[in-house]
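Structural features, examined
The primary structure of each chain is shown beneath.
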Amino acid sequence: QPEKIEIAKQLERLGVTIIEAGFPASSPGDFDAVHRIAGTVKNSIVTGGLARCIQKDIDATWEAIKVAQQPHIHIFLATSPIHMEYKLKKSPEQVVEQAVEAVKYAKKFFPLVQWSAEDAFRSDREFLVRIMNEVVAAGATTINVPDTVGYASPPQEYGALFKFLLENVKGADNVKFSAHCHDDLGMATANTIAAIENGAAQVEGTINGIGERAGNVALEEIAVALHIRKDIYQVQTGIQLQEIKRTSQLVSKLTNVVIQPNKAIVGRNAFAHESGIHQDGVLKNPETYEIISPALIGEGEIPLVLGKHSGRAAFRDRAETMGFHLSDEKLNKAFVEFKKLADRKKEITEEDLLTLLTEQQIQVEDVPLFDLKMVQVQYGTENIPTATAIVLTPEGLEKTVVATGSGSVEAIFNTLEQLVPGAVHVIDYRVTSVGKGRDALGEAVINIRYDEVSTTGRNSSQDVLEASAKAYLNAINRHLIQASFAHILYRLLR
């Protein structure tokens, strides 16, 4: 899970207080990711992620997270009538008992225990007070109050719920109350602000607002709103605002979730002014139409000075300025790719550098992998597309494979599929431009399903067919890496 580790390190640079790293009990991959993040991140608290109120989930989370400086767990149990009746098939009394037992058990290991009332907003208020009284007495240090399906309206509903709970839960002054909002009705940001105004001391959300269904509240929106309107909210956060743009770009790239152009704070058009009236006003005084300066979130703060004559020292300095700390071997590989690109492109953009450096940062080199040496496609409107590839196999053998397809990309995929036993199913595939101009890089991203496991691969090149071939092999290689990690974890946990 190299992508998760890179995102966690960037969240640490952003100044996030707590990073929820995964669900260790759900899969060996998540267990490994949580364990490695817990051992890597030092300046943020790493929570083992979600754990159900059952002993095996808590045990798995402890094994994954115990290397952290401040072990933290987030356990949850549904409390709404519809969830208790149809999903849990438990009575309210059974739910209270299970929650209390789980918190008491977790406290044997974890100094920080967060308990979450799933679907809290649609729960009975008096029942919420009852169960929260019990879990606080059992040792919970944070109480999470999720609007799990994004149903609440601010401030008269979600904000009022926080006010009610803080006034009625015994020991509320000794624990943190946390807001967790989804955006199904487009009100996640407003609801979160309403919770803060009514006593919430913690906010849970995601970068770019990604998440289940319509997503979670976007943390960058909350952080900037609290900063810009500190005259009203008077709340300080530890967020390093200048890291927002870089964090947003990294998360978008590594999760393959494109940011909508008009997305608040981080969208491509967030600081664009097309109207003549707006342009005239901004030229005279940016504050006429910009309540947020681009520099505040790190937009365009690094000048473009790198070109084909730039040296290794300057390249390393830029990489570190952008938040990348590569090994000498990876830095050298990135520098070689940079030089190749600089010879072919008139202008190297920050997006180009982000792509090149990210590709090297997330590479895992301790597992034998496939290496594409050459790909060639014969194509004509009257001919059947045929792809030929020469690949170095994990065993060190050079293999030539050939296949046809209904198009050039399918021919490439059919060719490379011959390298592995069994069928490879392409779930999603797309190519996007990195930067502008006819000489821009094309980034290919492919999601495959192989051996009942989904894996994502990516690569960039000025030739989109080459990028597509390398992205396909990258996905296969990631499958091999995950299988290797899973095998190692299986042996360790036996």
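Residues numbered from 1 in each chain as written. Predicted model: local features only at pLDDT ≥ 70, side-chain atom pairs only at ≥ 80, totals over all residues. Heavy atoms only, no water.

1. A word on the overall build of the chain
- When its secondary structure is counted, the chain shows 17 helices and 13 strands.
- Taken against the 2.2 N^0.38 rule, which gives 23 Å for 494 residues, the C-alpha radius of gyration of the chain at 25 Å falls within 12% of a compact globule.
- Taking the principal axes of its C-alpha atoms as reference, the chain extends roughly 70 × 65 × 45 Å.
- Buried residues in the chain amount to 49% of all 494 residues.
- Accessible area for the chain stands at about 23,800 Å²; split by element, carbon and sulfur atoms hold 51% of it.
- Taking the 51 positively charged and 63 negatively charged side chains of the chain as two groups, their mean positions are separated by 3 Å. (Helix = DSSP H or I, 4+ residues; strand = E, 2+ residues; numbered from the N terminus. Rg over C-alpha atoms; globule rule 2.2 N^0.38 Å. Buried < 20%, exposed > 50% of the residue type's maximum accessible area, 1.4 Å probe, protein only. Areas by Shrake-Rupley, 256 points an atom, 1.4 Å probe, with all protein chains shown as cover. Lys, Arg positive; Asp, Glu negative; His and termini not counted. Charge placed at Lys NZ, Arg CZ, Asp CG, Glu CD.)

2. Overview of the sheet that holds strand β9 (residues 386-392)
- An order of β8-β9-β10 is seen for the three strands of this open sheet, with the pairing classed as antiparallel. A strand with exactly one partner marks an edge of an open sheet, and here the two such strands are β8 (371-378) and β10 (398-404). Looking at each pair of strands side by side, their axes are set apart by 15° on average, direction ignored.
- Bridge count between β8 and β9: seven bridges; the pairing is antiparallel. Within the sheet, the bridge partner assigned to D371 lies in β9 and is L392. (Pairing = 2+ DSSP bridges. Axes fitted to C-alpha atoms, helices over the stretch in contact; angles between N-to-C directions.)

3. What about the pairing of strand β12 (residues 441-450)?
- Burial analysis of β12 places eight of its ten residues in the buried class, the great majority of the element.
- Strand direction decides the pairing type here: strand β11 (residues 425-434) and β12, joined by nine bridges, are antiparallel. Within β12, the position partnered with V426 by the bridge is I448.
- Pairing of β12 with strand β13 (residues 453-461) involves nine bridges; the strand directions are antiparallel. Among the inter-strand pairings, N447 is bridged to a residue of β13, identified as T456.
- Counted along the chain from β12 to the antiparallel partner β13, the turn is two residues long, and its residue D451 has a positive phi close to 55°.

4. Overview of helix α7 (residues 158-168)
- Those residues of α7 not exposed but buried are Y158, G159, L161, F162, F164 and L165.
- In this structure, the buried side of α7 is in contact with α6 (125-138), β5 (142-147), β6 (176-181) and α8 (188-197). (Contact = heavy atoms within 4.5 Å.)

5. A word on the sheet that holds strand β1 (residues 18-20)
- Across the sheet, which stays open at both edges, the seven strands sit in the order β1-β2-β3-β4-β5-β6-β7 with parallel pairing between neighbours. Two strands close off the open sheet at either side, each with one partner strand: β1 and β7 (202-204). On average, each strand axis in the sheet is inclined to that of its neighbour by 25°, with strand direction left out of account.
- Bridge count for β5 against β6 is six bridges, and the pairing is parallel.

6. Some points on the nonpolar core
- Counting residues in hydrophobic clusters, the biggest one holds 85 residues, and the most contacted among them are I75, W115, M132, I143, V145, L165 and F177.
- In this structure V145 touches A120, M132, Y158, L161, F162, L165, F177, S178, A179 and H180, once residues within four positions along its chain are discounted.
- The next biggest cluster of nonpolar side chains, apart from the first, holds 24 residues, and it includes V401, A469, A471 and A475. (Core = buried A, V, L, I, M, F, W, Y, C linked by side-chain atoms within 4.5 Å.)

7. Considering the side chain of S44
- Looking at the secondary structure, you find S44 in the loop between α2 (28-40) and β2 (45-52).
- Reaching out from S44, the side chain makes a polar contact with the backbone oxygen of V16 at a distance of 2.6 Å.
- The residues touching S44, leaving out its near neighbours within four places in the chain, are E12, V16, T17 and I19. (Polar contact = N/O pair within 3.5 Å; in protein donor to acceptor, adjacent residues only side chain to side chain.)

8. Focus on the pattern of salt bridges
- Evaluation of the coordinates by the stated rule reveals 25 salt bridges.
- Residue K9 is joined to E6 by a salt bridge in which the shortest nitrogen-to-oxygen separation is 3.2 Å. With a gap of three residues between them, K9 and E6 both fall in helix α1 (residues 2-14), about one helical turn apart.
- Close ionic contact of E63 with K66 constitutes a salt bridge, the shortest N to O distance being 3.1 Å.
- Accessibility expressed as a relative area gives 38% for K66, which makes it partly exposed.
- Overlapping salt bridges, with partners in common, bring together E3, R458 and R478 in one network. (Salt bridge = Lys/Arg side-chain N within 4 Å of Asp/Glu carboxyl O.)

9. Structural notes on the pairing of β2
- Most of β2 sits out of view: six of its eight residues are buried.
- Relative to β2, β1 runs parallel, the two sharing three bridges. Directly across from I18, in β2, lies its bridge partner I45.
- Inspection of the sheet shows β2 paired to strand β3 (residues 72-78) by four bridges, in the parallel sense. Considered in β3, the bridge of L50 is made with H74.
- At this point the chain moves from β2, through helix α3 (residues 55-65), to the parallel β3, and the crossover so formed is right-handed. (Right-handed = clockwise from strand over helix to strand, strands pointing away.)

10. With respect to the packing of aromatic side chains
- Within this structure, the stated rule accounts for ten aromatic pairs.
- Ring geometry for W62 and F109: centres 5.7 Å apart, planes at 35°, overall tilted. Placement of W62 in helix α3 and of F109 in the loop between α5 (92-106) and β4 (112-118) is noted, with a sequence separation of 47 residues between them.
- Take F109: its relative accessible area is 28%, and that puts it in the partly exposed class.
- Among the aromatic residues, ring-to-ring pairing joins W62, Y105, F109 and F110 into one connected group.
- Positioned above the aromatic ring of F164 is the side chain of R125, whose terminal nitrogen or guanidinium carbon lies 5.0 Å from the ring centre. (Phe/Tyr/Trp six-rings, centres within 6.5 Å; stacked < 30°, edge-to-face > 60°. Lys NZ or Arg CZ within 6 Å of the ring centre and 35° of its normal.)

11. Regarding the confidence of the model for the chain
- Residue-level pLDDT values for the chain average 90, and 93% of them are 70 or greater.
- Scored below 50 in pLDDT, residues 487-494 shows four contacts in the model against residues more than four places distant or in partner chains. (pLDDT = per-residue confidence, 0-100.)

12. Quick word on α8
- Within α8, seven of the ten residues are buried, leaving the element largely enclosed by the surrounding structure.
- Listed as buried for α8 are A188, N191, T192, I193, A194, A195 and I196.
- Buried residues in α8 make contact with β5, α7, β6, β7, α9 (219-228) and α10 (230-233).
- Positive phi appears at G199, one or two residues downstream of α8, with a value of about 110°.

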